[in-house]
Amino acid sequence: MIRTDSENLWSEIEHAEKVRDSHLSIVKELIDTLQGSAYRKAGTGKGQSSAARIENHPFEYLSLVVPRLIYDNPRFSARTKRMGDAQMIAEAIGHGLNRWILDVNLRQVLSRLAYDMLLNFAAALVCQQPMRLYDPSPASTAHRPSVTRLPPAWFGFDPLALDYSLARFAFHKYPMDLDDLKEYGAEGGWDQDSIGKLEADGEQGSPDKFLADGVPDRNTIMVYEVWVPDEYGADHPGPEAGFHGTIHTLTKFSQGGTEVRKPRPFYGPPWGPYAFGGVYTVPDSPYPLSPLVATKDQQDEVSRVAMAANKSAEKYKRLLLVDKKNNKLVKAIKDAEHDVVIPVEGFAAGEAEQFEVGGLTAQMLEQLSISRERLKNASGIDDALRGNVTGQGTATEVSIAETAATMRLSFVKQQFADMVRGIGRSVSWYLFHDDRVVFPLGEDVAQSTGAEEPWFFGGLDGEDASFEDIELDLDVYSMERTNEPLMQRNVTMALEQAMAVAAAAPQMPWLRVKELLAPIADVFNMPQILTAIDEEMLAAMTQAPMAQPSQPQGGRLSQDVTGPKRPMMGQYLGAEQGAGRRA
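Before going into details, it helps to say that this report is about the structure given with it. These numbers were taken from a predicted model, which means no experiment stands behind them.

**Considering a nonpolar patch on the surface**
Logical step 1: Where nonpolar side chains cluster on the molecular surface, the patch consists of Leu319, Leu321, Phe355 and Val357 and spans about 330 Å² of accessible area.
Logical step 2: Put simply, the parts of the chain that give the nonpolar patch at least two residues each are β10 (317-322) and β11 (352-357).
Logical step 3: When you line up the elements, Leu319 lands in strand β10.

Structural data, given as structure tokens:
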């Protein structure tokens with residue numbers, strides 16, 4: 001375990017921020033290019049020329065890829081490896097997670113995370129927050145999970161880790177009003193002696209310095225929350241009680257940092273309070289590589305060539321040289337309108353000649369085409385992805401190019417989906433363990449379960465089930481824009497094949513029907529095909545009785561919203577946090 005005294009922990013933070021900032025430095029240029037010159041009057045980048053903005057590849061890439069990553073709220077399904085009560089609990093977790101996604105409109109946060117991931121990396125904080133929506137009384141202890149997008153410049157972790165999952169510490173920072181910080185009492189573990197010595201650090205609460213410049217002093221200070229996963233003190237409740245690692249709270253003081261709150265156990269999943277995601281892996285580096293960073297050199301080349309071509313085009317002039325001695329010809333040309341015949345007495349060949357200066361050359365256009373082709377090959381943004389059909393290539397060539405682009409984009413989708421799965425798993429952990437989570441499930445669940453008014457409440461770890469038994473499946477297509485003709489065709493084909501297999505089952509009882517249907521479900525991304533089989537009825541029809549699963553003794557879908565409550569870590573961002581202990 002790393003040393004967690006305030007002096008050493010602050011040194012770790014400073015080094016981690018230095019490494020992180022080295023990765024984020026190029027992002028400022030990308031964002032400056034992305035927003036163009038008209039987004040706001042004053043520029044944000046120093047020395048950033050307008051060359052990159054002519055082509056504006058970051059905007060083109062993000063506008064084409066982000067809608068393919070996240071267009072609608074995701075949808076999960078939950079299942080379990082065990083039978084009986086565990087199946088009902090998994091079903092309840094699935095219903096609760098999907099209802100929570102709709103209640104918080106997770107799509108908005110995921111959209112911002114998609115931009116972060118494509119520019120560099122994405123980070124989110126997943127924690128519990130008080131929710132008094134259904135019980136507004138001050139004594140209410142109802143909570144629900146919350147997901148907050150963390151600006152990349154406000155997040156960091158152990159730079160010596162070969163992978164984020166191996167980090168020995170991770171942290172985020174946020175601004176707090178110094179006056180509010182001084183009002184916190186000792187019951188929350190706050191050290192008023194240390195807080196009383198603090199002074200505002202001048203950071204106004206925005207990663208964008210342009211927005212912060214000129215704002216009146218708000219008397220704020222940046223607070224750092226550091227999660228150390230391997231730290232378990234003598235009075236730590238331990239993983240058995242749902243506590244994993246320790247949280248340290250520090251602020252900058254003098255030339256170093258100081259702890260302003262006693263270290264406290266972290267109540268949450270073993271993998272910590274953060275979700276972290278990126279696109280490509282760099283060997284032996286914990287920070288991912290984004291497509292826009294990887295192709296920055298090609299973007300710059302295209303921008304320089306395009307800028308040179310623009311300057312040449314702007315300097316283009318077409319002149320007419322006339323014999324100075326022929327005044328009649330000079331006057332006639334000056335006064336003439338476009339596309340007219342000018343009769344001139346005594347005109348001789350060579351007395352007038354057209355002359356061009358500047359303009360685009362064939363070499364310039366060829367180089368611009370080569371540079372754009374190089375960027376297209378590196379980024380994967382081709383005419384098929386743009387929706388442009390040039391008609392220059394054969395059908396086979398277009399098909400091959402489209403397949404390659406789809407494969408590359410599919411990997412980006414997969415990486416983003418992995419982060420969404422991580423968020424869903426963290427939220428599910430709180431739904432499973434915390435009995436203060438209470439909310440109604442809505443009409444859809446009422447119809448599927450037969451309950452008059454189903455509610456979800458957490459705290460399932462006392463049942464005969466384990467959270468590790470629950471498997472979450474993300475319907476990746478639920479986040480995409482629906483292609484109605486394609487979906488109709490896929491559903492029709494899948495049902496036709498599934499019905500053919502099902503129809504053959506009674507006549508061929510030796511068939512393993514689910515194993516035959518599994519590839520169909522995978523190809524068409526319709527896992528519900530497997531759950532649509534009534535195994536008891538199938539066994540009866542094939543004269544091969546199957547073992548009967550034990551009947552569940554109850555679930556967590558109930559109209560009863562009452563139950564025992566236990567304290568735990570409260571609001572995690574910028575306000576009072578409970579030094580939670582489980583009863």
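**A few points about the packing of helix α1 (residues 6-35) against helix α3 (residues 57-69)**
Logical step 1: Orientation of α1 relative to α3, taken along the N-to-C sense of each, is 80 degrees, at an axis distance of 7 Å. When the interaxial angle is binned, α1 and α3 end up roughly perpendicular. Contact residues: α1 offers Leu30, Thr33 and Leu34, while α3 offers Pro58, Phe59 and Leu62.
Logical step 2: Of the residues in the contact of α1 with α3, the class split is five nonpolar, one polar and no charged.

**A word on the nonpolar core**
Logical step 1: In terms of nonpolar packing, the biggest core is built from 78 residues, with Leu113, Leu118, Val147, Phe155 and Phe416 touching the most fellow members.
Logical step 2: For this core, the element with the highest residue contribution is helix α14 (residues 395-433), accounting for 12 residues.
Logical step 3: Membership of the second largest hydrophobic core comes to 13 residues, among which are Phe171, Met222, Val226 and Leu250.

**A word on α1**
Residues lying three or four places apart along an α-helix face the same way, a consequence of the helix completing one turn every 3.6 residues.
Logical step 1: In the structure, α1 departs most strongly from a straight axis at Ser22, where the bend amounts to approximately 35 degrees.
Logical step 2: Positioned one or two residues after α1, Gly36 has a phi angle of 70 degrees, which is positive.

**Considerations on the pairing of strand β5 (residues 170-177)**
Logical step 1: In terms of residue burial, β5 counts as a mostly covered element, since six of its eight residues are buried.
Logical step 2: Across three bridges, strand β4 (residues 155-157) lies against β5 in antiparallel orientation. Note on β5: the bridge partner recorded for Gly156 is Phe171.

**Here we look at the sheet that holds strand β8 (residues 256-267)**
Logical step 1: Across the sheet, five strands lie side by side as β4-β5-β6-β7-β8; this open sheet has antiparallel pairing. Of all the strands in the sheet, the pair left with one neighbour each is β4 and β8. Each strand axis lies, on average, 25 degrees off the axis of its neighbour in the sheet, ignoring direction.
Logical step 2: Bridge analysis of strand β7 (residues 243-253) against β8 gives eight bridges, and the strand direction is antiparallel.

**Things to note about the pattern of salt bridges**
Logical step 1: Under the definition given, this model contains 18 salt bridges.
Logical step 2: Here Asp103 ties to Arg99 by a salt bridge, and the two come within 3.2 Å at their closest N and O atoms. Remark: Arg99 and Asp103 occur in helix α4 (residues 85-104); sequence separation between them is four residues, near one turn of the helix.
Logical step 3: Since its relative accessible area comes to 31%, Asp103 is described here as partly exposed.
Logical step 4: On the basis of relative accessibility, which here comes to 23%, the residue Arg99 falls in the partly exposed class.

**So, the sheet that holds strand β3 (residues 143-150)**
Logical step 1: One open sheet accounts for three strands, arranged β3-β2-β9; its pairing is antiparallel. Both edges of this open sheet fall to β3 and β9 (274-277), since each of them pairs with a single strand only. Averaged over all neighbouring strand pairs, the angle between strand axes comes to 20 degrees, with direction disregarded.
Logical step 2: Bridge analysis of strand β2 (residues 122-130) against β3 gives eight bridges, and the strand direction is antiparallel. Bridging from a neighbouring strand, Ala123 pairs with Leu150 of β3.
Logical step 3: Against the sheet, helix α5 (residues 106-119) touches β2, β3 and β9, its axis set at about 30 degrees to β3.

**Section: the environment of Lys81**
Logical step 1: Structurally, the position occupied by Lys81 is in the loop between β1 (75-80) and α4.
Logical step 2: Given a relative accessible area of 56%, Lys81 falls into the exposed group.
Logical step 3: In sequence terms Lys81 and Asp469 are 388 residues apart; their C-alpha atoms lie 5.8 Å from each other.

**So, the packing of aromatic side chains**
Logical step 1: For the structure shown, the criterion picks out 22 aromatic pairs.
Logical step 2: Ring centres of Tyr280 and Phe411 lie 5.7 Å apart, and the angle between their planes is 15 degrees; on these two criteria the pair is classed as stacked. Of the two residues, Tyr280 is situated in the loop between β9 and α9 (291-294) and Phe411 in helix α14; the sequence distance between them amounts to 131 residues.
Logical step 3: Every member of this aromatic cluster is reached through a ring pair, and the members are Phe121, Phe155, Phe157, Tyr164, Tyr274, Phe276 and Tyr287.

Conventions we followed
- Going along each chain's sequence as written, the residues are numbered from 1 onward.
- Predicted model: local features are reported for residues with pLDDT of at least 70 only, side-chain atom pairs are reported and counted for 80 or more only, and whole-chain, interface and lining totals are derived from all residues.
- As a rule here, side-chain values cover all heavy atoms of the structure and leave hydrogens and water aside.
- The residues that make up patches have over 30% relative accessible area and no salt bridge, and they are joined within 9 Å when like-charged or within 5 Å when they are Val, Leu, Ile, Met, Phe, Trp or Tyr.
- Note on areas: Shrake-Rupley, 1.4 Å probe, and residue coverage restricted to the protein chains presented here.
- By salt bridge we mean one thing: a side-chain nitrogen of Lys or Arg within 4 Å of a carboxyl oxygen of Asp or Glu.
- The way it works is that DSSP assigns letters per residue, a run of H or I at least four long becomes a helix, a run of E at least two long becomes a strand, and they are numbered from the N terminus.
- Angles shown run from 0 to 180 degrees and are taken between the N-to-C directions of axes, each axis being a line fitted to C-alpha atoms and, for helices, limited to the stretch in contact.
- Any angle that is under 35 degrees is reported as roughly parallel, and any over 145 degrees as roughly antiparallel; angles of 65 to 115 degrees are reported as roughly perpendicular and all others as oblique.
- Working rule for contacts: check all heavy atoms of both residues, and any pair within 4.5 Å makes them a contact.
- Each residue is assigned to one class: nonpolar for Ala, Val, Leu, Ile, Met, Phe, Trp, Tyr, Cys and Pro, charged for Asp, Glu, Lys and Arg, and polar for all the others, Gly among them.
- For the purposes of this section, nonpolar cores are sets of buried Ala, Val, Leu, Ile, Met, Phe, Trp, Tyr and Cys residues that join through side-chain atoms within 4.5 Å.
- Whether a residue is buried, partly exposed or exposed follows from its accessible area with a 1.4 Å probe, protein chains only, as a fraction of its type maximum: under 20%, in between, or over 50%, in that order.
- Note that bend, as reported per residue, equals the angle between axes fitted to the 7 residues terminating at that residue and the 7 residues originating from it.
- Paired strands, as defined in this entry, are two strands with at least two bridges between them according to DSSP.
- The pairing test for Phe, Tyr and Trp rings, Trp by its six-membered ring, is centres within 6.5 Å, and the orientation test on the planes gives stacked under 30 degrees, edge-to-face over 60, and tilted for anything in between.

That is the geometry; function is a separate question.
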